[in-house]
Amino acid sequence: MSLRRYDVPDAFDSGAESYDGLVGANPGYHEHLQLSARRMGLPDGGRGLRLLDIGCGTGASTAALLKAAPLAEIVAVDGSAGMLEQARRKSWPATVTFVHSRAENLAEAGVSGPFDGILAAYLVRNLSDPDPVLSTLLSLLRPGGVFAAHEYSVRDSRVARAIWNVVATTVIIPLGRRRDGDGALYRYLRRSVNEFDGAAEFRERLQRIGFTDVRSESVSGWQRNIVHTFLARAPR
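Residues numbered from 1 in each chain as written. Predicted model: local features only at pLDDT ≥ 70, side-chain atom pairs only at ≥ 80, totals over all residues. Heavy atoms only, no water.

- By the naming in an unreviewed UniProt entry, the protein is Class I SAM-dependent methyltransferase, taken from Mycolicibacterium iranicum.

Okay, here's the thing in structure tokens:
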């Protein structure tokens with residue numbers, strides 16, 4: 001079976017129960033999410049801030065935001081009902097709320113701005129048409145608000161692309177197949193990373209949409225130049 005991007009949220013439903021175990025076996029997965037949340041530079045523990053975690057999955061990125069800004073109000077959104085069910089089973093403060101919605105349908109789900117910061121972890125690569133969603137996210141930010149995309153991007157580095165494909169083929173896909181009996185979601189993961197924007201191309205995409213102060217930083221370890229934090233702001 002070959003997944004289409006539009007079908008990805010539904011595909012995550014079937015893999016939701018095993019998802020935390022799989023990503024937990026990925027060295028640095030949670031630490032890198034926390035690094036991206038810290039790189040947003042949210043002041044004063046998030047006191048008085050309202051944040052959006054778009055594509056929250058089972059809540060790993062929500063937990064990273066909460067650690068970086070424990071005093072903020074956080075709205076966490078995901079298009080997979082199964083992933084959200086796993087997220088809601090965890091312990092959260094009253095300042096965290098979860099909403100079931102595709103990224104393309106935020107207004108219909110009642111998600112409205114303004115937000116002081118938005119984190120999109122492993123989301124943009126899975127969108128059928130990223131630009132309208134990114135434009136919507138920009139419109140939801142307060143002037144000067146920060147946007148962070150925590151994302152795979154390998155097209156700018158031949159070495160990173162080679163490492164990614166070796167790890168995906170020999171580790172990620174076999175583990176995924178062992179956990180869900182199919183592995184289609186993880187074959188899609190490999191393909192989607194290979195097809196996604198290079199880091200420079202994605203920075204240019206953000207600038208074209210209207211974000212300012214666009215930059216990116218990678219992470220350490222084997223995922224250097226594979227996983228990136230893309231940072232940008234809404235015009236002041």
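Still more to cover.
Details of the nonpolar core
Inference 1: Met40, Leu42, Leu51, Leu65, Phe98, Tyr152 and Trp164 are the most contacted members of the largest nonpolar core, which totals 42 residues.
Inference 2: At six residues, helix α6 (residues 158–180) tops the list of elements feeding residues into this core.
Inference 3: Apart from residues lying up to four places away in sequence, Tyr152 is in contact with Asn26, Tyr122, Arg125, Trp164, Leu189, Val193, Phe196, Gln223, Ile226 and Val227.
Inference 4: Leu52, Val99, Leu206 and Phe211 belong to the second largest nonpolar core, which has 32 residues in total. (Core = buried A, V, L, I, M, F, W, Y, C linked by side-chain atoms within 4.5 Å. Buried < 20%, exposed > 50% of the residue type's maximum accessible area, 1.4 Å probe, protein only. Helix = DSSP H or I, 4+ residues; strand = E, 2+ residues; numbered from the N terminus. Contact = heavy atoms within 4.5 Å.)

Considerations on helix α5 (residues 130–140)
Inference 1: Three or more residues of α5 are buried, namely Pro130, Val133, Leu134, Leu137, Leu138 and Leu140. All buried residues of α5 project into a common sector of 160° when viewed along the axis, lining one side.
Inference 2: On its buried face, α5 sits against β1 (50–54), β4 (115–121), β5 (141–152) and α8 (199–209). (Arc of directions from axis to C-beta.)

Structural notes on unusual backbone geometry
Inference 1: Put simply, Gly113 and Pro114 share a cis peptide bond, and its omega is 0°.
Inference 2: The backbone phi angle of Asp44 is positive, close to 55°, even though this residue is not glycine.
Inference 3: Inspection of the secondary structure puts Asp44 in the loop between α2 (29–39) and β1.
Inference 4: A positive phi angle is found at Asp213, which is not glycine, with a value near 50°.
Inference 5: When you line up the elements, Asp213 lands in strand β6 (residues 212–218).

A short note on the packing of aromatic side chains
For any pair of aromatic rings, the description consists of the separation of the ring centres together with the inter-plane angle of the planes.
Inference 1: Taken as a whole, this structure holds seven aromatic pairs when the rule is applied.
Inference 2: A centroid spacing of 4.9 Å and a plane angle of 35° characterise the contact between Tyr122 and Tyr152, whose relative ring orientation is tilted. Of this pair, Tyr122 sits in the loop between β4 and α5 while Tyr152 sits in strand β5; the two residues are 30 residues apart in sequence, bridging distant segments of the chain. Just as Tyr122 is buried, Tyr152 falls in that class too.
Inference 3: Taken together, the aromatic side chains of Tyr29, Tyr122, Tyr152 and Trp164 make up a single cluster linked through ring pairs. (Phe/Tyr/Trp six-rings, centres within 6.5 Å; stacked < 30°, edge-to-face > 60°.)

Thoughts on the sheet that holds strand β2 (residues 73–78)
Inference 1: In space, the seven strands of this open sheet follow the order β3-β2-β1-β4-β5-β7-β6, with mixed pairing throughout. The two strands at the open ends of the sheet, each matched to only one other strand, are β3 (96–100) and β6. Neighbouring strand axes in the sheet, compared pairwise and without regard to direction, differ in orientation by 15° on average.
Inference 2: Across six bridges, β4 lies against β5 in parallel orientation. Within β5, the position partnered with Gly117 by the bridge is Val146.
Inference 3: Sheet contacts for α5: β1, β4 and β5; angle to β5, the most-contacted strand, approximately 140°. (Pairing = 2+ DSSP bridges. Axes fitted to C-alpha atoms, helices over the stretch in contact; angles between N-to-C directions.)

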